[in-house]
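Descriptive structure summary
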Amino acid sequence: QVQFRESGGGLVQPGGTLRLSCTGSPFIFHLYAIGWFRQAPGKGREAVSCISLSGLRIDYADSVKGRFTISRDNEKATVDLQMNDLKPEDTATYYCGPTDPENPTCTWTEKFGSWGQGTQVTVSS
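Let us look at the structure shown here. (Residues numbered from 1 in each chain as written. Predicted model: local features only at pLDDT ≥ 70, side-chain atom pairs only at ≥ 80, totals over all residues. Heavy atoms only, no water.)

The next subject is the packing of aromatic side chains. Within the structure shown, the criterion is met by seven aromatic pairs. Between phenylalanine 4 and tyrosine 32, the ring centres sit 6.3 Å apart and the planes meet at 90 degrees, which makes this aromatic pair edge-to-face. Residue phenylalanine 4 is located in strand 1 (residues 4–7), and its partner tyrosine 32 is located in the loop between strand 3 (18–24) and strand 4 (34–39); the two are separated by 28 residues in the primary sequence. Exposure remark for phenylalanine 4: the relative accessible area of 6% places this residue in the buried category. A relative accessible area of 14% places tyrosine 32 in the buried class. Between the aromatic rings of tyrosine 95 and tryptophan 108, the centroid separation amounts to 6.0 Å while the plane-to-plane angle is 90 degrees, which identifies the pairing as edge-to-face. Of the two residues, tyrosine 95 is situated in strand 9 (residues 92–98) and tryptophan 108 in the loop between strand 9 and strand 10 (119–123); the sequence distance between them amounts to 13 residues. Judged by its relative accessible area of 13%, tyrosine 95 is buried. For tryptophan 108, a relative accessible area of 23% corresponds to the partly exposed category. (Phe/Tyr/Trp six-rings, centres within 6.5 Å; stacked < 30°, edge-to-face > 60°. Helix = DSSP H or I, 4+ residues; strand = E, 2+ residues; numbered from the N terminus. Buried < 20%, exposed > 50% of the residue type's maximum accessible area, 1.4 Å probe, protein only.)

Spelled out as structure tokens, the structure:
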């Protein structure tokens, strides 16, 4: 079972910034494409950004393009999500974990185990 942990969330004013971090076992972290997903109250889970094993393929949701940046360091076993110019619409619980290797798009999967509790991001004035 693969486990990943999210951190870096918090309360920020509109236009502010946060940097989220996703960490896992350094022995297996490099074996997975990683995605950041978010879920707001009453909403479905939304793919925010995904990054391939090598980091060469990156995808962003249209709603965050130009504002968010995903990156990974397999040696440190981390995937970060730099979030700039945050908007109230970004308020959600953010989760990270392996994406489905059998799908070319950002796809949530629990094939490798259950995901964690996520980290809360609240954007409010």
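In this section: the environment of tyrosine 94. Within the element layout of this structure, tyrosine 94 appears in strand 9. Given a relative accessible area of 0%, tyrosine 94 falls into the buried group. Considering only alpha carbons, one finds tyrosine 94 and threonine 107, 13 residues apart in sequence, at a separation of 15 Å. Polar contacts involving the side chain of tyrosine 94 include one to the side chain of arginine 38, which spans 2.9 Å. (Polar contact = N/O pair within 3.5 Å; in protein donor to acceptor, adjacent residues only side chain to side chain.)

Among the nonpolar cores identified, the biggest contains 25 residues, and Ile34, Trp36, Phe68, Val79, Leu81, Met83 and Tyr94 are the most heavily contacted of them. Of all the elements in the fold, those that place two or more residues in this core are strand 3, strand 4, strand 5 (46–51), strand 7 (68–73), strand 8 (78–83), strand 9 and strand 10. When residues no more than four places from it in sequence are discounted, the contact partners of tyrosine 94 are Glu6, Leu20, Trp36, Phe37, Arg38, Val48, Phe68, Leu81, Met83, Gly118, Thr119 and Val121. (Core = buried A, V, L, I, M, F, W, Y, C linked by side-chain atoms within 4.5 Å. Contact = heavy atoms within 4.5 Å.)

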